[in-house]
Each structure stands twice: as C-alpha cells, then as structure tokens.
Amino acid sequence: MTDTTHPRASSNARSLARVGIRGLDEILRGGLPRNRIFLVDGVPGTGKTTLALQFLLEGRAQGERGLYVTLSETREELQAAAESHGWSLEGIEIVELSALTGEGSDEAYTLFHPAEVELQQTVEVVLAEIERHQPQRVAFDSLSEMRMLARDALRFRRQILALKQFFAGRECTVLLLDDRAHPEGDLQLQSLAHGVIVLEHLAMDYGAELLRIQVMKLRGSRFAAGYHDFRIRTGGIEVYPRVQRGDSIPRSTTSPLESGSRELDALVGGGLERGTSTLLTGAAGTGKSVLAMQFALATAARGEHARVFMFDERVTTAMIRAQGLGLDIQSPMDHGRLVLCQIEPTEKSPGEFAHQVVRAVEDEGVSLVIIDSINGFMQAMPSERLLTVQVHELLSYLANGGVSVIMTLVQRGIFGAPVSEAAEVSYLADSVVLLRYFEHAGTVRRAISVVKKRSGAHEQTIREFRVEHGGLRVGEPLTDFRGVLSGNPEYLGQAEPLMADV
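Along each chain, residues carry numbers from 1 onward, in the same order as the chain's sequence is written. Where totals are concerned, whole chains, interfaces and linings use all residues; where local detail is concerned, this predicted model gives features only for residues with pLDDT of at least 70, and gives and counts side-chain atom pairs only at 80 or more. Neither water nor hydrogens contribute to the side-chain values; these are computed over all heavy atoms in the structure.

1. Remarks on the pattern of salt bridges
Part 1 of the reasoning: Within this document, salt bridges are pairs made up of a side-chain nitrogen of Lys or Arg and a carboxyl oxygen of Asp or Glu, the two lying within 4 Å of each other. Applying the stated criterion to the full structure yields 23 salt bridges.
Part 2 of the reasoning: Of the charged contacts, one joins Arg-233 and Glu-238 as a salt bridge, the two residues approaching to 3.3 Å between their closest N and O atoms.
Part 3 of the reasoning: Among the residues examined, Glu-238 registers a relative accessible area of 37% and is labelled partly exposed.
Part 4 of the reasoning: Within this structure, Arg-231, Arg-233, Glu-238, Lys-348 and Glu-352 form a network of salt bridges that share partners. Any residue under 20% of the maximum accessible area for its type is buried, any over 50% is exposed, and the rest in between are partly exposed; the area is computed with a 1.4 Å probe on protein chains only.

2. Some words on the packing of aromatic side chains
Ring pairs (aromatic) are described by centroid distance and by the angle formed between their planes.
Part 1 of the reasoning: Between 30 and 60 degrees the pair is tilted, below 30 it is stacked and above 60 it is edge-to-face, where a pair is any two Phe, Tyr or Trp rings, Trp via its six-membered ring, whose centres lie within 6.5 Å. For the structure shown, the criterion picks out three aromatic pairs.
Part 2 of the reasoning: For the ring pair Phe-166 and Phe-167, a centre distance of 5.2 Å and an interplane angle of 80° mean the geometry is edge-to-face.
Part 3 of the reasoning: Phe-166 gets classed as buried once you look at its relative accessible area, which sits at 13%.
Part 4 of the reasoning: Here the aromatic residues Phe-309, Phe-311 and Phe-353 are joined through ring pairs into a cluster of three or more.

3. Comments concerning the confidence of the model for the chain
Part 1 of the reasoning: Confidence scores per residue from the predictor, reported as pLDDT, run from 0 to 100. In the predicted model, the chain carries a mean pLDDT of 82, and the fraction of residues at 70 or more is 81%.
Part 2 of the reasoning: Within the chain, no element has a lower average pLDDT than helix α16 (residues 420-426), which sits at 56, and none a higher one than helix α2 (residues 48-61), at 96.
Part 3 of the reasoning: We call two residues in contact whenever any of their non-hydrogen atoms come within 4.5 Å of each other. Confidence over residues 103-116 falls short of pLDDT 50; this stretch has twelve contacts with residues more than four positions distant or in other chains.
Part 4 of the reasoning: When the criterion is pLDDT under 50, residues 418-423 qualifies, and its contacts beyond four places in sequence or with other chains add up to eleven contacts. Secondary structure elements are taken from DSSP: a helix is a run of H or I of four residues or more, a strand is a run of E of two residues or more, and numbering for both begins at the N terminus.

4. Details of the packing of helix α5 (residues 119-133) against helix α6 (residues 143-150)
Part 1 of the reasoning: The convention used is that axes are lines fitted to C-alpha atoms, helices contributing only their stretch in contact, and that angles between N-to-C directions extend from 0 to 180 degrees. It is at 9 Å that the axes of α5 and α6 come closest, and there the two elements cross at 145°. Side by side, α5 and α6 meet where Leu-119, Thr-122 and Val-123 of the first sit next to Met-146, Leu-149 and Ala-150 of the second.
Part 2 of the reasoning: In terms of residue class, the contact of α5 with α6 is built from five nonpolar, one polar and no charged. Under the convention adopted here, Pro, Cys and the residues Ala, Val, Leu, Ile, Met, Phe, Trp and Tyr are nonpolar, Asp, Glu, Lys and Arg are charged, and Gly plus all remaining residues are polar.

5. Looking at unusual backbone geometry
Part 1 of the reasoning: Residue Ser-142 is reached from Asp-141 by a cis peptide bond, and omega for that bond is 5°.
Part 2 of the reasoning: Within the secondary structure, Ser-142 sits in the loop between β6 (137-141) and α6.
Part 3 of the reasoning: The backbone phi angle of Arg-29 is positive, close to 60°, even though this residue is not glycine.
Part 4 of the reasoning: Phi is positive for Asn-35, which is not a glycine, with a value near 60°.

6. A word on the pairing of strand β13 (residues 306-310)
Part 1 of the reasoning: Within β13, five of the five residues are buried, which leaves it mostly tucked inside the rest of the structure.
Part 2 of the reasoning: By the alternation rule, side chains of β13 split into Ala-306, Val-308 and Met-310 and Arg-307 and Phe-309, which are all buried.
Part 3 of the reasoning: Of the strand pairs in this sheet, β13 and strand β15 (residues 368-372) are connected by five bridges, and their pairing is parallel. Each residue of the ladder has a partner; that of Phe-309, found in β15, is Ile-371. Any two strands with at least two DSSP bridges between them are considered paired.

7. A short note on the sheet that holds strand β8 (residues 195-202)
Part 1 of the reasoning: With mixed pairing, nine strands are arranged side by side in an open sheet as β5-β4-β6-β7-β3-β8-β9-β10-β11. The sheet terminates laterally at β5 (92-96) and β11 (236-240), the two strands that pair on one side only. Averaged over all pairs of adjacent strands, the angle between strand axes in this sheet comes to 20°, irrespective of strand direction.

8. Focus: α2
Part 1 of the reasoning: The span expected for a helix works out to 1.5 Å for each residue beyond the first. Under the 1.5 Å per step criterion, the end-to-end length of α2 is 20 Å for 14 residues, consistent within 8% with the ideal 20 Å.
Part 2 of the reasoning: Taking burial as the measure, the 14 residues of α2 include twelve buried ones, the bulk of the element.
Part 3 of the reasoning: Considered for burial, the residues of α2 that qualify are Lys-48, Thr-49, Thr-50, Leu-51, Ala-52, Leu-53, Gln-54, Phe-55, Leu-56, Leu-57, Glu-58 and Gly-59.
Part 4 of the reasoning: Once α2 finishes, Gly-63 follows within two positions and takes phi at roughly 80°, a positive value.

9. Some points on the packing of α5 against helix α7 (residues 153-168)
Part 1 of the reasoning: As a packed pair, α5 and α7 sit with axes 12 Å apart at the nearest point and diverge in direction by 15°. Between α5 and α7, the angle falls in the class roughly parallel. Considering how the two elements wind past one another, α5 and α7 form a crossing that is right-handed. Two secondary-structure elements touch here, α5 through Leu-119, Gln-120, Val-123, Leu-127, Ile-130 and Glu-131 and α7 through Arg-155, Gln-159, Leu-163, Phe-166 and Phe-167.
Part 2 of the reasoning: Looking at the contact of α5 with α7 residue by residue, the class counts come to seven nonpolar, two polar and two charged. Angular relationships are summarised with four words: roughly parallel below 35 degrees, roughly antiparallel beyond 145, roughly perpendicular across 65 to 115, and oblique for the angles in between. Left-handed describes a crossing in which the near helix is turned anticlockwise from the far one by less than a right angle; the clockwise case is right-handed.

Okay, structure coming up:
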C-alpha cells in the first residue's frame, strides 16, 4: 500500500509541508515531507497549475518564500489564473524563462519556443534564479518543456538527476509538474521523485466530468491509497478523500429510532437500531419517501438532527407533499434539525456526495441520514460495478459512528417486480422493509412487511397501510395473504380485516 522502508519513516521530528488543500492534506496524513522533490503528473486541464499555486500560497501563509518557475506560461497567464480564484500572487516570485532567455534582445518580444534554447542554458538560468531568491517552496512548470529540449530520454534523466542533486543540499520542497506528453509514461521520472501525485480526467457519457487524484508513491510516509474524487472550483481545488470506516468517531448508542407510529414501530421490532442501515424498497408511489420522512420528523421532534439527500425530486416538491399530508416540516427546518438537500446525480461524483454526508455528520452532528433514492445515487457512479463498493464504504463509516441510515430503492414497474438492483443493494442493509401493491375487491391497496433485520427480532406479519393526512397509517396484521414476495400480492380473506376509510 505505502512505502515505509525509508530510514526516516519512524522519525517524528521531520515536519510536513501542508499543500493547502484540506482533502489532499488528509490523504497525505498532514502534508508532504519537507525538502524533497515531488512529481505532479496529469494531462492538461486536470488542475496541476492550480494545485501548485495553492501549494505556494499555503507556504506564503506560513511565512515561507515561494518561487514559481514557468517554462511555458507567461506571468500574465499565471496571474489571470490566480485572479480567477480570487488569489493574489504578491510575495511569490515568478520566474518566466521566456523573458529571461530573451532579455536584452528582440527575442524578448517573440513567442518563446523551447526547441530554440539549449537545455544547459535553460537549467543554468533556473538554478541561478533559485540561488538568488533562496525559496523554501518551488513549483517547476513543466517538465515537458525540458523533455523537448533534452531530445532523448538519457539526457533528460541526467538533467533531472542534476536537479535532484542541486536541491539535496537546500531546505526546499519542490513540485515538478508534468503533462504526460511522453507517449508511454515516464516511469524513470517517477522513480527519481520522492513522491508521485497523479491527476486524472475521465469523460462521462453524460453530465459533468470526473476528476480523480491518486498518491501513487510517498517514500517513508503513510497515506490514503487509491483514487479520490476532486473538483476545480472558484477558490481552488477541493479533494474528497475516500470514506474509510476508521475515520468516524464512535458514538454511544441509545434507544431505538422510532417513527412515532405504534403499529409501524411494532412491525420493525420496536424501532430501528441506532447505527444500522434500513432499505425501503417497493414500486413507485408506494410511500417510501413518506415513510422515510416520518422517521426524519420523529428524529427532529426528539431534538436530534436529520439530513435528507434527495436524488429524485426537488426540495419544493417534497415540501408541498409534506404540507399536503399535514406534516409539520417547516418548524424543524427553521430550527435546523431537519435539512433537505437536493442532489443532481450528473453534477456530483460519488466521492463528493460521500464527503458531503461525512461533513454533515462530523460538523453538524446529524444522527439520521436518508438517501432518497439509491437509484439516483447509482446514476452518479461511473459504472455499476462501483455501486456496492461506494455504498458499503459509506454505510460502514456511518455505522461505526452510530449514525442511522435509511435508503429508498425504487423497483421497476408500477407493481414493482423484483430486479437485480434490489438484490445487489439489499444485502448491504441491516434491515429491509418491503412495500407492495395488492388488489382486493377491485381496489388497489398497499402492504408493508419487514423481510430482514440483522439487529434483532421483528414481526413476520404483513400489514396494510395507507398514505393519508398525518402521514403513514399502518393497520393490524393481515391473514390469508399470499404472493407478496412474488411481486403479485393477493388477499384472499374477508373484507373486515382490511383498513376502513376514516
């Protein structure tokens, strides 16, 4: 996973240089080891320049001198990039190689072309500027220009080795930016760097792009391995570290999570256990969102905090439905105990969504998280094979922190024939509540049952329920009821046991 064979790995005295990007510093377990050379590798447009500027700005905030060496971009282009994020580069030295090499001649007013300058001259100019400014942080942009000047791989490697030797005797942390202009990938360059950070861009079939960051190597230091989603926004890069179970802070579990309905709580065995996940599954219109909202309102009524993440509908639609059912949703929202969040699946990556959930739990003390629906969450995945992995990591984190989760899953078709999505997700949930339509005397009715509960006993019965004024009303257990699990429920008994109109 990580390289921990470096002799300094156990030294607590070596300080770290924070990058200035909260999520990335978390992945790096505090920052980059000081006085080393690191490679930032990625195709154009993945945010290498933005990352390097944030690195230097963080150094400036810590009172460290920073130097940006640009071989391709002009000073004006760098300043424009900084201004687009609301940054000032005051106090950060910028070495524009094109201006230096053409100084004093007409070439200063022509477009700089790397092939027209010898490699040795380029390196000498750069090193002289570093000697003059004595920076503690350096961003070198980019190695592709030096690769063009070197003409061959051996000469390029020798020059990088010379740079590494030059910085070895200086208290300076260096970022080398590379845009992957080499066709097969420069593994030799990665071997020379103390650490390697890779930025990737994945084009989606529809919706926003997906940007991922990976720390491939960090000698002598531990880090969070694997891919992590990130975004480039106004104000800089935002990195969303993968959710890991050990990151959450365990909470003491108390009484079960009740819904406020005596019959419903009896059906699920007295309420939902704290720190468990529950899947509400059924056809469209069976009342899954209403049932989830009922738990959310009961949680808010106890003075706790609930957060509803809605993938399938707008916040205004949910509020109109609640008001139409006579549910007091405005009061807990005004007091901050209930928050409705509308999520656009095509605009938010899985890692970004998980990060939003984590922040709600850690920063605001949310004790109940509702995901409505998991089908919408699925649309945020780059591929279906990642669904169970993403959901499993998030549920494990929340369970370890004692946070309860309710997920809704819409099954295909009006009558909700079982499909593969339910089978793939249901095994992750601690409890599964099944909502079904059934027919009796020419009318369409609804039935509810608990088909799974890992944390304790539950009723084995099937109850009829109705969505009416005041929320979900659950009736007494039914008998002579067959076919509910086949997807075609049918009631064969008398009319009297069924719920009467009120």
